Amino acid sequence: MDIQQSKQAEAPPSVQYALQSIRLIPAGEQADRGELENRDRDDEECFELIFIMNGTGQGKCYLRKPGKSLSIDQEASSFSYYRVCFVTSGYDGAFSLLPEKQELACTPFAKTLELLGELYGLRRATDELERFQRFVKFQELLLFLFRQNRPAAHEDKGTDGERHGVELSLRHIHQYYRELLTVEELAALAGVDRWKYTRLFKEATGQVPLQYLNEVRINQAKKWLASADDKLLDIALNAGFNNEYYFNRRFKQTVGISPGQYRRSRKGQLRVVAPYLEDFIVALDMQPIVQYWHEKWGKQDYLGLSHIPTFDEHSGDFNALSGYKPDLILLMDRYEQQQYSECRRISTTCILREQSNNWRTVLRTVADYFGRTDLADDAIAKYDSKARSASHTLSQAMKGETVAFLRISADHIIQYTEEGRGFVSTVLYGDVGLRSYSAVGVASKANAPGMFNLSRADLGALTADHLFITFDKWHSQAEGAERELLEQPEWRELPAVRNNRVYEVDFLTWMNNGIISNGKKIDDILRALA
């Protein structure tokens, strides 16, 4: 957009939406239906969003404005829900973004839960950058809702004819994606000025026109690659690309792997290496050709890959992978540049640049590489259903009893608390809603949020009702050194130890943040507590 065009563009509304609090209330914890329908006195000036998870992978969203009451279905009041409170400031006209109705559309609900989960994980953020991330994530959640619930009387100033024109151009793209299409032609078809057309198009789709057109072409190519053995040149031309070279380049830029690799992955023939990401590969109904192994921690036995050879990831010698002749190497963004260069010399290498503690996001990203997003969505829905069922069972069994998790090595004792955003905490205190015992150790800059170093003297204050423990051999100079704590009087005097409420769990199962490992954690929790 040039200077003259920018002057014509409308300024964004000068209104602010500030998050006050977010709470996750497991099923059975709310005192009664009135907990949902009545506002706390401290929240009288707040707007409230309530997201109810109904146990089927779907849910409902309600908006309550200050001073207003809210009517919730009797059936809905028996499920777990998120409660989000926020305040607004700005000129009154901008408040029209807030829907007038109480029950809001929020589809797909899986996306709603993903946004809520990330926002909930940031609820105790203290770092300036993470606080800004929390602010942005809340605006993203509101935008997601506002787009679906825009009041009819206060829509964007584009006329009905302009919006209809954009919809007409969208249908034209889906019908004639094989043809040479330009933004100028699409804007003319819509009857909208070019500069305005691009803005309206992006508001409707989240993408500019040529990005959207490219995605339509790539998605069509994916279908043909998965279902037919046509030549790549034929598929490229049928999808609207001028030549095979350009098709290959754009496909790899968009999907992450080449069209040929994509085709082989759909037939289960792609030879994949993904150190420490095997959890996601197996969840997508694939098998790696070699698996992660660590000198101190071993391999991820819970995945059942005993027949797959191992690769010593800790050695750092990625040249050893060349003997397995992989088609694709998938890596987390945590290695040295030299190691990435070694992998690229061996085969196509993809790096998960986005560092996310949200395993759902990682699973969907990995699934997109292999054209298996449907499998990912199904797996996530099954996990969420399992977690909700476990949360309900545990809320009845635990009756407010507290739980702590300890990672014990020869030199360190680390307690994980509800402030953590990965590994153990998101399952124990988020997904199944157990009550976390407050930290008794010292926060360390070397640790992630929600991890506290405990001294043996600190153990005396650890009066949690239940303890989950796992042993880390990283600091052990002699066999079994990590277990010496169990013979100490400080340990034997703990209430959970005296009451036989200590549960040892597998290290790599609980120190992994994959969908399969998290499902295994839920199984362990239910066996111990339910």
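The rules behind these values
- Residues numbered from 1 in each chain as written.
- Predicted model: local features only at pLDDT ≥ 70, side-chain atom pairs only at ≥ 80, totals over all residues.
- Heavy atoms only, no water.
- Helix = DSSP H or I, 4+ residues; strand = E, 2+ residues; numbered from the N terminus.
- Buried < 20%, exposed > 50% of the residue type's maximum accessible area, 1.4 Å probe, protein only.
- Contact = heavy atoms within 4.5 Å.
- Patch = residues over 30% accessible without salt bridge, like charges linked within 9 Å, V, L, I, M, F, W, Y side chains within 5 Å.
- Areas by Shrake-Rupley, 256 points an atom, 1.4 Å probe, with all protein chains shown as cover.
- Salt bridge = Lys/Arg side-chain N within 4 Å of Asp/Glu carboxyl O.
- Axes fitted to C-alpha atoms, helices over the stretch in contact; angles between N-to-C directions.
- Left-handed = near helix turned anticlockwise from the far one by under 90°.
- Nonpolar A, V, L, I, M, F, W, Y, C, P; charged D, E, K, R; others polar.
- Phe/Tyr/Trp six-rings, centres within 6.5 Å; stacked < 30°, edge-to-face > 60°.
- Lys NZ or Arg CZ within 6 Å of the ring centre and 35° of its normal.
- Polar contact = N/O pair within 3.5 Å; in protein donor to acceptor, adjacent residues only side chain to side chain.
- Pairing = 2+ DSSP bridges.
- Right-handed = clockwise from strand over helix to strand, strands pointing away.
- Expected span 1.5 Å × (residues − 1).

A. Region of the structure containing the overall build of the protein chain. Counting secondary structure elements, the protein chain contains 20 helices and 17 strands. In the protein chain, buried positions account for 47% of the 530 residues. Here the contacts in the protein chain between residues at least 6 apart in sequence split such that 66% fall between residues at least 24 apart.

B. Broad picture of a nonpolar patch on the surface. Judged by side-chain polarity, Leu129, Phe132, Phe135 and Val136 come together as a nonpolar surface patch covering roughly 420 Å² of accessible area. Within the element layout of this structure, Phe132 appears in helix α4 (residues 128-148).

C. Structural detail: the environment of Arg353. Considering the arrangement of structural elements, one finds Arg353 in the loop between β10 (348-352) and α14 (359-369). Taking the relative accessible area as the measure of exposure, Arg353 reaches 51% and is therefore exposed. It is 7.1 Å that separates the C-alpha atoms of Arg353 and Met332, two residues lying 21 residues apart in sequence. The residues contacting Arg353, other than those within four sequence positions of it, are Asp333 and Arg344.

D. Representation of the packing of helix α5 (residues 160-176) against helix α8 (residues 209-227) in the model. The contact between α5 and α8 brings their axes to 10 Å, and the two run at 35°. As for how α5 packs across α8, the hand of that crossing is right-handed. Across the interface between the two elements, Leu170, Ile173 and His174 of α5 pack against Tyr212, Leu213 and Val216 of α8. Across the contact of α5 with α8, the residue classes break down as five nonpolar, one polar and no charged.

E. Structural view of the packing of aromatic side chains. Counting across every chain of the model gives 24 aromatic pairs. Between Phe251 and Tyr262 the ring centres are 5.5 Å apart and the planes differ by 75°, which places this aromatic pair in the edge-to-face class. Residue Phe251 is located in helix α10 (residues 244-255), and its partner Tyr262 is located in helix α11 (residues 259-266); the two are separated by eleven residues in the primary sequence. Its relative accessible area of 0% is what places Phe251 among the buried residues. Residue class for Tyr262 comes out buried when judged on its relative accessible area of 4%. A network of ring pairs unites the aromatic residues Tyr17, Phe47, Phe86, Phe138 and Phe146 as a single cluster. The lysine or arginine in question, Arg123, covers the ring of Tyr120, its NZ or CZ lying 3.8 Å from the ring centre.

F. The arrangement of the environment of Asp301 in detail. Mapping Asp301 onto the fold places it in the loop between β7 (291-293) and β8 (310-312). By relative accessible area, which is 51% here, Asp301 ends up exposed. Taking the C-alpha atoms as reference, Asp301 lies 9.2 Å from Asp506; in sequence the two are 205 residues apart. Among the polar contacts made by the side chain of Asp301, one reaches the side chain of Lys299 at a distance of 2.7 Å.

G. Representation of the sheet that holds strand β6 (residues 272-273) within the structure. In spatial order, the strands read β6-β9-β10; together these three strands make up an open sheet with parallel pairing. A single partner strand is all that each edge strand has here, and the edge strands are β6 and β10. Across two bridges, the pairing between β6 and strand β9 (residues 328-332) is parallel. By the bridge assignment, Val272 is partnered in β9 with Leu328. Along the sheet face, α14 touches β9 and β10 and points at about 160° away from the line of β10.

H. Region of interest: the pairing of β10. With four of its five residues buried, β10 lies for the most part within the structure. In this sheet, β10 lies alongside β9 in parallel orientation, the contact comprising five bridges. Across the sheet, the residue bridging to Leu330 is Cys350, located in β10. Running through helix α13 (residues 337-346), the crossover from β9 to the neighbouring parallel element β10 is right-handed.

I. Broad picture of helix α7 (residues 194-205). In this model, α7 (twelve residues) spans 16 Å end to end at C-alpha, consistent with the 16 Å of a helix rising 1.5 Å per residue. Trp195, Lys196, Tyr197, Arg199, Leu200 and Phe201 are the residues of α7 that are buried. Looking at the residues trailing α7, positive phi occurs at Gly206, about 85°.

J. Here's a closer look at the pairing of strand β12 (residues 413-416). Of the two faces of β12, the one carrying Ile413 and Gln415 and the one carrying Ile414 and Tyr416 are both buried. Summarising the sheet, strand β11 (residues 402-408) and β12 pair through four bridges and their orientation is antiparallel. Among the inter-strand pairings, Leu406 is bridged to a residue of β12, identified as Gln415. In this structure, β12 lies alongside strand β15 (residues 451-454), joined through four bridges in antiparallel fashion. Each bridged residue has a counterpart across the sheet, and for Tyr416 the counterpart in β15 is Met451.

K. Structural detail: the side chain of Gln415. Turning to its location among the elements, Gln415 is positioned in strand β12. Residue Gln415 is classed as buried on the basis of its relative accessible area of 0%. Side-chain polar atoms of Gln415 contact the backbone oxygen of Tyr437, separated by 3.2 Å. Of the polar contacts made by the side chain of Gln415, one reaches the backbone nitrogen of Val440; its length is 3.4 Å. Excluding residues that lie within four positions of it along the chain, Gln415 makes contacts with Ala404, Phe405, Leu406, Tyr437, Ser438, Ala439, Val440, Gly450, Met451, Phe452, Leu454 and Leu462.

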